[in-house]
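Chain by chain, the residues run as shown.
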Amino acid sequence: MPSNQENTVSRPGRLAGKVALIIGAGTGIGECAAKMFAREGARVALADIRFDAVQSLASSICPDSTQAKAFAVDVTSDGSVRQLVDDVVAGFGALHCLFNTAGGSLPEDSLVTDVPLDVWDKTMNLDLRGTLLGCRYAIPKIIASGGGSVVNMSSGAALRGSGKAHIYSAAKGAIVSVTRNLAGAYAKHGVRANAICCGRINTQRIRDTYGIPGQPGKSEDAMKVDDTIKAYPYWFGEPEDVAGIALFLASDESRMITGASIPADGGRSAY
Ligand SMILES: NC(=O)c1ccc[n+]([C@@H]2O[C@H](COP(=O)([O-])OP(=O)(O)OC[C@H]3O[C@@H](n4cnc5c(N)ncnc54)[C@H](O)[C@@H]3O)[C@@H](O)[C@H]2O)c1
C-alpha cells in the first residue's frame, strides 16, 4: 500500500501567483480571509486601523514577511488609503485582488426619521466611502498588474426592507449598486467586481452587540436572533463561510462572474 504521503496530489493554491489586499483584516471575516488566501498561495497585504492586530496576524502567517505584510490604514481618510495602496505595490510589486471588508453598523443606527446625523455620517464614511476609496486607488494598480478581482462586503440588509438600521442598509445597498458600476466600467480592463451580502456571522463584534443564537447581545435586535434562525436556519454562519466566498470571487474560478452580489443570507432576502 502506498503511504498517505505518496497518495497526496499537490496542486497549486487557488490564489497562487496573486497579490491580495485585504482591508479590515485585523479581526472577524477579514482575519479569516487573510489566513485562507495565504493558505491558497496568495501574497497577502493585511490592512486595518488596528495595526497591532494585522502585525501579529502577518507574522503568524509568515514570520519573515515575504508572504504577508501588515499595513495601517484608516479607510475614512483619502490620503491614508492612497498611501496604503502605494505601499502595498511597493512592497509586493503588483496587486491583483482587493477584498474590502472594513465596515459594520452602529447599534444607534435607526429609522431615517430618527437616526442621529453623526451615526449617519460615521456609517456612510466607514462603509461606503471606505469601500469606494479602496476601489479608487486599488483598481488602477490591478489594471497595471494585468487584471484581477475586487470583492466588496455588503450585507443581507442591502437586499430587504425590514431592517431598522436604515443608514447601514443604505450604505450597503449603495455598495451593491456601485459594484455593478465597477463591473461595467472595468471589465474591458480585466477587472471583475462582485459583492457579498451575508446574514449574521459569528464575529466578536456581532457576539458583543447583536448576539448569536442562544447568546443575546446588548442591542434590541439581539432578542430576535433565535426567532430569525427558526425561519431561516442557514442565516447564521461562521467567518469561514464568507471568507470562502471571497476566496472564490478573488480567484480565477469565478472568471465568468462580475457585477454580482451573492446573497449568503440563508435565503432571508429570497423568502
Ligand atoms: N458579521 C456579520 O454578521 C456581518 C453581516 C453582514 C455584513 N457584514 C460586513 O462584513 C464586514 C466585516 O464584518 P465583521 O463582523 O468581520 O467585522 P469586524 O468588526 O470583526 O472586522 C472589521 C475590521 O475592520 C476594521 N476597521 C474598522 N474601522 C476601520 C477603519 N476606519 N479603517 C480600517 N479598518 C477599520 C476593524 O478594526 C476590524 O478589524 C463589514 O463590512 C460588515 O458590515 C458583517
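You'll find the structure just up there.
These lines cover the structure that appears in this document, whether it is placed above or below. (Residues numbered from 1 in each chain as written. Predicted model: local features only at pLDDT ≥ 70, side-chain atom pairs only at ≥ 80, totals over all residues. Heavy atoms only, no water.)

**Comments concerning the sheet that holds strand β11 (residues 261-264)**
Turning to step 1, where the next piece is worked out: Strand order in the open sheet made by the 7 strands is β3-β2-β1-β4-β5-β6-β11, with parallel pairing throughout. Looking at which strands have only one partner, the edges of the open sheet turn out to be β3 (68-72) and β11. This sheet shows a mean twist of 15° between the axes of neighbouring strands, independent of strand direction.
Turning to step 2, where the next piece is worked out: Of the strands in this sheet, β1 (19-23), β2 (43-48) and β3 touch helix α4 (residues 78-92), which is tilted by about 160° from β3. (Pairing = 2+ DSSP bridges. Helix = DSSP H or I, 4+ residues; strand = E, 2+ residues; numbered from the N terminus. Axes fitted to C-alpha atoms, helices over the stretch in contact; angles between N-to-C directions. Contact = heavy atoms within 4.5 Å.)

**Re the packing of aromatic side chains**
Turning to step 1, where the next piece is worked out: One pass over the structure, following the stated rule, counts 2 aromatic pairs.
Turning to step 2, where the next piece is worked out: With 4.9 Å between their ring centres and 45° between their planes, Y232 and Y271 make a pair best called tilted. Taken as a pair, Y232 in the loop between α8 (225-231) and β10 (236-237) and Y271 in the segment after β11 lie far apart in primary sequence, 39 residues in all.
Turning to step 3, where the next piece is worked out: Residue Y271 is classed as exposed on the basis of its relative accessible area of 55%.
Turning to step 4, where the next piece is worked out: Above the ring of F92, the side-chain terminus of K69 is found at 4.9 Å from the ring centroid. (Phe/Tyr/Trp six-rings, centres within 6.5 Å; stacked < 30°, edge-to-face > 60°. Buried < 20%, exposed > 50% of the residue type's maximum accessible area, 1.4 Å probe, protein only. Lys NZ or Arg CZ within 6 Å of the ring centre and 35° of its normal.)

**Details of the site of the ligand**
Turning to step 1, where the next piece is worked out: Around the ligand lies a shell of 29 residues, among which I29, D48, Y168, I201 and T203 are the nearest.
Turning to step 2, where the next piece is worked out: A distance of 3.3 Å separates an oxygen atom of the ligand from a polar backbone atom of G104.
Turning to step 3, where the next piece is worked out: Protein contact buries 91% of the 830 Å² of open area that the ligand shows by itself.
Turning to step 4, where the next piece is worked out: Among the secondary structure elements, those contributing two or more residues to the shell around the ligand are α2 (28-39), α5 (117-144), α6 (166-186), β7 (200-201) and α7 (204-209). (Near = heavy atom within 4 Å. Polar contact = N/O pair within 3.5 Å; in protein donor to acceptor, adjacent residues only side chain to side chain. Areas by Shrake-Rupley, 256 points an atom, 1.4 Å probe, with all protein chains shown as cover.)

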